[in-house]
Each structure stands twice: as C-alpha cells, then as structure tokens.
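Given next are the chains, with one letter for each unit.
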Amino acid sequence: MLDSHIVNIRNEVDNWLLSFNEAISDKNNKKDSIENLNKLFFEDCHWRDILGLTWQIQTTSGKQNIIPKLYDNVLDVTARDFTIDPQRTQPREVTRAGKNVIEVILKFKTKFGHCEGVVRLYEDLEVPRMFKAWSFLTALSDLNSSFNKKEDEYENTLEGPNWLDVRTEDRLYKDRDPEVLVVGSGQAGLSIAARLKQQNIDTLVIDKNERVGDNWRNRYHSLKLHNQTH
C-alpha cells in the first residue's frame, strides 16, 4: 500500500503538470494561455534554460519577465508533453535554498529533440492547496534523428578513395563554404567541432599554430600522451 503522503505529492505534481500542459497547448488564445501560466508561478520565480527552449544558456527571473518569454519560446520550438520522467528520481520533498519544496524531474519534447527539466513547487500560503513553481529548468538532452550523425559511407574496395583521400579533398572547400567556423583548435574548439561533425554540420577549424595540439606542445615541455606506450 502506498504511503498517503507520497500519493498526495504525486497528485499535486500531476495537477500542476496538467494545468501547465493545458496552458501551453492553447495556441489560439495567447491571452488566456499567459493568464493560466501566471497562475502556476510565484512572482519571485526563476527560469534557467540550457538550449531547450531558447537555444541559449540563460536565466530569467521574475514572473513578469518569465511568462511572456516562456510562452513565446514554447511556441517557437513546439514544446509539448511535459511529464514526470519515470527513469529518474520521483517527485519528493527536499530543501533548496532554505525552502521546503517538491522537486520534480521532467522530460518533454520539442520539434528539435528530447529535453529534460526540473521544476520546484511549493504551496501558496494565500491559496491553500495551490502549488506554484518557484524554479524551473529546461534543457536539451538529445537532438532528433534527423539532426543526428549520418553513418560514414566508405566502399569496402581496394580502389579508393580511402578515408584520407576523402578528408584531404573535403578540407579544401573548393566548392562550398563551411556552415560553422571554429577559431582555435584547443580542447574547446576540438570538442565542439567533433560534436558538430556528429550532427553532420560542415565545420572548419582554424588555428594560428601550425599543427593541432601546438597550443599545448608549445606551452608544456613535458607534454606526453596519457595512453600506454605500447
């Protein structure tokens, strides 16, 4: 038999999510949607987005700033299906920044991919049994398959071209411009370039040094690889 207290927490979370999903799904009536979203957040609240809805990493504070922006971005990326993530820690009471809140780990979708989030709710003392959001996090976790890496296709023959031939020709950019230009082949530049390549986004990395790794090689005389010599 489930603990009644746990059931009550789940009920409050389900009610909030139902109201939130209904508010963002009413695309034909912006005024009503914003009014309904206003009921779900405290005046002093915070929204942190990590590429999920805005394609930026930013924090917005205050309900008057959050609600219009949240609504517009939800529409822009077709965000939908905000639900409790069954694969993560289930809704629970925790203390965050001195507040006793219900912490909920979410998952949802946009037209670009799968996302995750965290909402922290606590009871509005002026309206008993009314739980509102104090902090809200949205983050992109995975792009849709149409944005994912396409398998490299190399013919298994003795003729060619081989991988190096393709790479040498590809890097000349004779008939095209790169979609993204990365300046600097340090660890940040190499990391983002590799990730963009996995997304099948044509990326060129440039560096003032002659070779990849010279920014480390020229700085650390004792530079060596971490892998075993053999």
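Above: the structure in question.
Procedures and definitions
- Residues numbered from 1 in each chain as written.
- Predicted model: local features only at pLDDT ≥ 70, side-chain atom pairs only at ≥ 80, totals over all residues.
- Heavy atoms only, no water.
- Pairing = 2+ DSSP bridges.
- Helix = DSSP H or I, 4+ residues; strand = E, 2+ residues; numbered from the N terminus.
- Right-handed = clockwise from strand over helix to strand, strands pointing away.
- Polar contact = N/O pair within 3.5 Å; in protein donor to acceptor, adjacent residues only side chain to side chain.
- Contact = heavy atoms within 4.5 Å.
- Core = buried A, V, L, I, M, F, W, Y, C linked by side-chain atoms within 4.5 Å.
- Buried < 20%, exposed > 50% of the residue type's maximum accessible area, 1.4 Å probe, protein only.
- Phe/Tyr/Trp six-rings, centres within 6.5 Å; stacked < 30°, edge-to-face > 60°.
- Lys NZ or Arg CZ within 6 Å of the ring centre and 35° of its normal.

Caption draft 1: Quick look at the pairing of strand 9 (residues 203-206). Here strand 8 (residues 180-183) pairs with strand 9 via four bridges, running parallel. From the neighbouring strand, Leu 181 faces strand 9, where its bridge partner is Leu 204. Between the parallel pair strand 8 and strand 9, the chain is carried across by helix 5 (residues 187-198), and the sense of this crossover is right-handed.

Caption draft 2: Highlighting the side chain of Thr 54. Tracing the backbone through its elements, the reader meets Thr 54 in the loop between strand 1 (41-50) and strand 2 (57-61). Among the polar contacts made by the side chain of Thr 54, one reaches the side chain of Asp 49 at a distance of 2.6 Å. Looking at Thr 54, its side chain comes within polar contact range of the main-chain nitrogen of Gln 56, at 3.2 Å. Each residue touching Thr 54, except ones within four places of it in the same chain, is listed here: Trp 47, Asp 49 and Asn 73.

Caption draft 3: Region of the structure containing the nonpolar core. By size, the foremost hydrophobic cluster in this structure holds 33 residues, and its most contacted members are Trp 16, Phe 20, Phe 41, Leu 70, Phe 82 and Phe 136. Looking at this core, the elements with two or more residues in it are helix 1 (4-25), helix 2 (30-38), strand 1, helix 3 (63-77), strand 3 (80-84), strand 5 (99-109), strand 6 (113-123) and strand 7 (131-143). Counting residues per element, this core draws most heavily on helix 1, which supplies seven residues. Ignoring anything within four residues of it in the chain, the contact list for Phe 41 reads Trp 16, Phe 20, Lys 63, Ile 67, Leu 70, Lys 132, Ala 133 and Phe 136.

Caption draft 4: Molecular detail of unusual backbone geometry. Positioned with a positive phi, Tyr 173 is a non-glycine residue whose angle comes to about 50°. Within the secondary structure layout, Tyr 173 lies in the loop between helix 4 (163-170) and strand 8. Given a relative accessible area of 15%, Tyr 173 falls into the buried group. Backbone geometry at Asn 200 places phi at a positive 65°, although glycine is not the residue there. Along the chain, Asn 200 turns up in the loop between helix 5 and strand 9.

Caption draft 5: Focus on the packing of aromatic side chains. For the coordinates displayed, the defined rule picks out ten aromatic pairs. On the numbers, 4.9 Å between centres and 75° between planes, the contact of Phe 20 with Phe 82 is edge-to-face. With Phe 20 in helix 1 and Phe 82 in strand 3, this pair connects stretches of sequence that are 62 residues apart. Pairing Trp 55 with Phe 112 gives two aromatic rings, centres 5.1 Å apart and planes at 75°, and the pair type is edge-to-face. In this pair, Trp 55 sits in the loop between strand 1 and strand 2 while Phe 112 sits in the loop between strand 5 and strand 6, placing the two residues 57 residues apart along the sequence. Judged by relative accessible area, Trp 55 falls into the partly exposed class, the value being 43%. Its relative accessible area of 21% is what places Phe 112 among the partly exposed residues. Among the aromatic side chains, those forming a connected cluster through ring pairs are Trp 16, Phe 20, Phe 41, Phe 82, Phe 108 and Phe 136. The ring of Trp 134 carries the charged tip of Lys 99 above its face, separated from the ring centre by 5.5 Å. Its guanidinium or amino end placed over the ring of Phe 42, Lys 132 lies 5.9 Å from that ring's centre, counting from NZ or CZ.

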